[in-house]
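Per-entry structural report
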Amino acid sequence: MSIVKLENIRKAYDTKVAVEGLSLAIEPGTMFGLLGPKGSGKTSSIRMMIGITVPDSGSVELFGQPFSRAALKRVGYLPEERGLYKKMKVIEQLIFFGQLHGLDAATASKRAHRWCERMQILDAIEKKTEELSKGMQQKIQFIAALLHEPDLVIMDEPFSGLDPVNASLLMDTLLDLRKQGKAILFSTHRMDQVEKLCDAIAIIYKGKLVLEGTMREVKSRYPANRLLIHYTGDESFLQHRAIASAKTYTGTAELILSEPSQAQNILAEAIAHGTQITRFEVMEPTLEEIFIETVGENVDA
Amino acid sequence: MHNVFLIAKREYLERIRTKAFLLSTILIPLLMGGGLVISTLSAAKTKSASHVAIVSSNQTLAEDLKTELEDPKRSDMKVDVTAPTAETRAALDHNLAEKTLDGYLWIAPAANPADRPVFTYYGRSKADIATQGTIESALRTVLLREGLVHHGITSAEVEKLLQPVDIQSAGGSALTSFLSAYIMFFLMYFVVMLYGMNVARSIIEEKTSRVFEVLLSTITPDEILAGKIIGVGSVGLSQIILWLATAVILTSTSVLASFAGNGAHISLSMAQIVFFLIYFVLGFLLYSSIAAALGAMVNSEQELQQLNMFLVMPLAVCMFSLGVVITNPSGLISTVISLIPFCTPLIMYFRISLQMPPAWQIALSLVLMIATNYGILWVASRIYRVGILMYGKKPNLPEILRWLKYS
C-alpha cells in the first residue's frame, strides 16, 4: 500500500498550467525527495496531496484510500513559507496546532515540551513568536508539523533558510522518523543537499514529471562515467579518445567519459607519460547533473 | 465543529488579552460617560457667580434689579448697589483692576424722562457672556414688571405672569431619551465597523504570515471563516455586554445622578438592550462577511484601505438618513431605509430607541437581514476560499465572479 499515490493529476490556474499529468507513489518508510527548480510545480503538487487545492483532473490517494479530509489528521505539513501567529506564545501556538490535529491540550503540551527540548529551544517556549529568530521560528513550525505523530510528513523546502547546524539537526530528525517507519516527502530545489538523504526521488520540471524512481534505480540508469583527477606534470592523457568532455583547472581535471570502462586506461596512460597523480576518483553523476542532462542545459537550478 | 471552536477560541483569547481591548473597553464608556457628566455639570454651572455692581441714581430700579439678580433661581451673583458720585467710576475701575469686582452696570438716566435709561456694562472679561446675558434678562424682567405695575396691574398678578413655563413630555424627558438613542446609534456604528474591520485584518494577517497553509492542511476554509467570525464577534459581544452592564448600573443607581444632579438621567429600556444585542449580532455578521471577502481579496492593509468604501458607504448612508429618521421615525422614508438590511442594524435600532415601530416591521427587518446574511455569507465564503490562497495582484471583478463558480 502506498502512503501517497498521485494518478495523472493536473492543475491549471487560469491560463497557467501548474502541474500536468503527474503520477507518483510514496511507499511507507521512505524518504522521498520531490525535486525541481523553483516554479516547477512542487508546491502545487503538494497542495493537492493535502487537499488545500483540488486537482482539475486525476486522483489523489492517501494511505490507500481515495482522498478524504479525515486522513489529514495523519499528515504533518511544513509549508514553504513559514506560517505562525506572531503574537502567540510558542507553547500556546504548538498546543493550538496540536489540537487542530486532534490532540488534547495536555498531550500536546507534553509533546511540545519534549520536542522543544530536542530542538534546543526550550527556553523560548514562553516567548512570543515574533521575538524569535527566523531559524527558531522554523524549528517551531517543524515541531508543529510533527506534534501529532503523523504517519506521513510533508515538508516544502524544509532546509531553505536554515544554517548548517540546524539543517543537519533537521536532517537527523527526518532520518529518525524514517527509522520509525514514517513516510517523508520533502521538496527542494537544492538537489546537492539531499542526494544522500533520499530513498526515492521524483524530479519535476515545468509541471511535468521528468524522472522518478528509487535513488538506486535512478543512479543505475546513469553509469559512473565521471572522473576526477588531481595531477601535476604532463597533460597528454587528456587527449584520450574515451574522454567525451573535460573541464580542466590548474592541476584538476573533471572528465566525462564516453566509455566508463576506460577509466583505468586513462590512469595507466597518465602514469606512462610520467604525470604525477595525487587523486583519482571514478564518480557517479550527481542528481543535478542527471537533472540537467534530462531536461537540457539551460536550467536555473 | 470542534475545529470551528478551536479557531474561535484562539481569535477570542488573542484579542481579549490585548491592552487595546482593555483600553477601549474602559475608555470608550468613560469618554461617553465623562462627556455626559461634563455636559450636565457645565449646564448646571452656567449660572453666573460674578460679583457686580450697579450704579444708578434710580435706587428703586437698582434694588429691584439686585433682587432679581440675586434670586438663586437665576444666578449666584453678588450685587452691590451704589449711587453715582464723582469718584464712583474711578473706584469701580480700580476694583476691576484689583479683581475684587467682575463688572459693573452703569445706568445713566435718559435725557428725555419718557425714554429708557441708558445701560452700559463694564466687564473685566469680555468673554463673560453668561453674566452679561443674566443681567440683560434680569433687566428685561425688572423693566417689564415696572411697566406692568405702572399700568395698574397688581404685583401678585405680575409675578404669576412672569412664572417660567414648563413643558412636560410624556414618558420621560424627550431630550434624555433622544440622547441615549443617539449614543446607542453611534455605539452600534462603532462596534459593527470596528469588529468588521477586525475580521478583515485578521485574515490579512494570516495571509501575510501564511498561517493559512498550515490551517488548511487540516481544516476547511469554511471552518476557519466560521471560527474567525464567531471568535471576533464574541469579542465584540463581550465588550458590548460589559458596556451595557456598566450603563445599566450607572443609570439605575444614583451614581451618575450624584455626580451631575438629576438632569443627567439616561433612560435605557430593556427593549433597547435586547434589540441592541440582536441587531449587533446580525449587523456584525453582515459587515464582517463583507470584510472577510475584502480581506481575502487583498494582500495588505494598504490595499484593504482602498476597498474600505464597501464597508463605509452603507454605514455612511445610514448616517445621512439620520436627519430624516429623527424628524419622522415612523414615516415612509424611515420605514423603507430601516428595512434595507445594510441599514437595519443602525436605523431600525435607532427607530426602536425613539419610538417603537410596529412589530411586523421589526420581524420583517429581521427576516430580511437573516436572508441577506445567508446570501452574503455564501458569496463571502466562496471568495474567501479562493482568495486566501491567491497572492500577488489584486483580482478584478471578472476574476472574482469566476471564483464564485469554483466549488
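Residues numbered from 1 in each chain as written. Chains lettered and ligands numbered in written order. Predicted model: local features only at pLDDT ≥ 70, side-chain atom pairs only at ≥ 80, totals over all residues. Heavy atoms only, no water.

Residue and element names in this part refer to chain B. In space, the four strands of this open sheet follow the order E2-E1-E3-E4, with mixed pairing throughout. Edge positions in the sheet fall to strand E2 (78–82) and strand E4 (118–123), since each of these pairs with one other strand and no more. Recorded for the sheet is a direction-independent mean angle of 20 degrees between the axes of neighbouring strands. As paired strands, strand E1 (residues 51–56) and E2 are joined by five bridges and run parallel to one another. From the neighbouring strand, His-51 faces E2, where its bridge partner is Lys-78. Of the strands in this sheet, E1, E2, strand E3 (103–108) and E4 are in contact with helix H3 (residues 59–70), which crosses E2 at around 175 degrees. Sitting on the sheet, helix H4 (residues 88–98) is in contact with E1, E2, E3 and E4, with an inclination near 160 degrees to E3. (Pairing = 2+ DSSP bridges. Helix = DSSP H or I, 4+ residues; strand = E, 2+ residues; numbered from the N terminus. Axes fitted to C-alpha atoms, helices over the stretch in contact; angles between N-to-C directions. Contact = heavy atoms within 4.5 Å.)

In terms of nonpolar packing, the biggest core is built from 162 residues, with Leu-174 and Phe-186 of chain A touching the most fellow members. When residues of this core are assigned to their parent elements, the largest contribution, 16 residues, is made by helix H11 (residues 270–297) of chain B. Once residues within four sequence positions are removed from consideration, Phe-186 of chain A is found in contact with Met-31, Phe-32, Gly-33, Leu-34, Met-155, Pro-158, Phe-159, Leu-174, Val-194, Leu-197 and Cys-198 of chain A. (Core = buried A, V, L, I, M, F, W, Y, C linked by side-chain atoms within 4.5 Å. Buried < 20%, exposed > 50% of the residue type's maximum accessible area, 1.4 Å probe, protein only.)

Every contact between the two is made by 25 residues of chain A and, on the other side, 26 residues of chain B. At the boundary of chain A with chain B, total buried surface from both sides reaches about 2,400 Å², with 57% on carbon and sulfur atoms. Of all residues in chain A, Arg-69, Tyr-85 and Leu-100 of chain A bury the most surface against chain B, accounting for 26% of the area lost on that side. Here chain A and chain B share two salt bridges between them. The salt bridge partner of Glu-92 of chain A is Arg-17 of chain B, with a shortest N-O separation of 3.1 Å. Along the contact surface separating chain A from chain B lie six residue pairs in polar contact (both at pLDDT 80 or more). Tallying contributions element by element places helix H2 (residues 90–100) of chain A first for the side of chain A that touches chain B, with five residues. (Buried area = accessible area lost by both parts, 1.4 Å probe. Salt bridge = Lys/Arg side-chain N within 4 Å of Asp/Glu carboxyl O. Polar contact = N/O pair within 3.5 Å; in protein donor to acceptor, adjacent residues only side chain to side chain.)

In this section: H2 of chain A. Counting buried residues along H2 of chain A, 10 of its 11 residues qualify, which places the element largely inside the surrounding structure. Residues of H2 of chain A that are buried: Val-90, Ile-91, Gln-93, Leu-94, Ile-95, Phe-96, Phe-97, Gly-98, Gln-99 and Leu-100 of chain A. Where the residues of H2 of chain A are buried, they touch helix H3 (105–118) and helix H4 (134–146) of chain A together with helix H1 (2–16) and helix H8 (211–216) of chain B. Two residues or fewer past H2 of chain A, Gly-102 of chain A is found with a positive phi of approximately 95 degrees.

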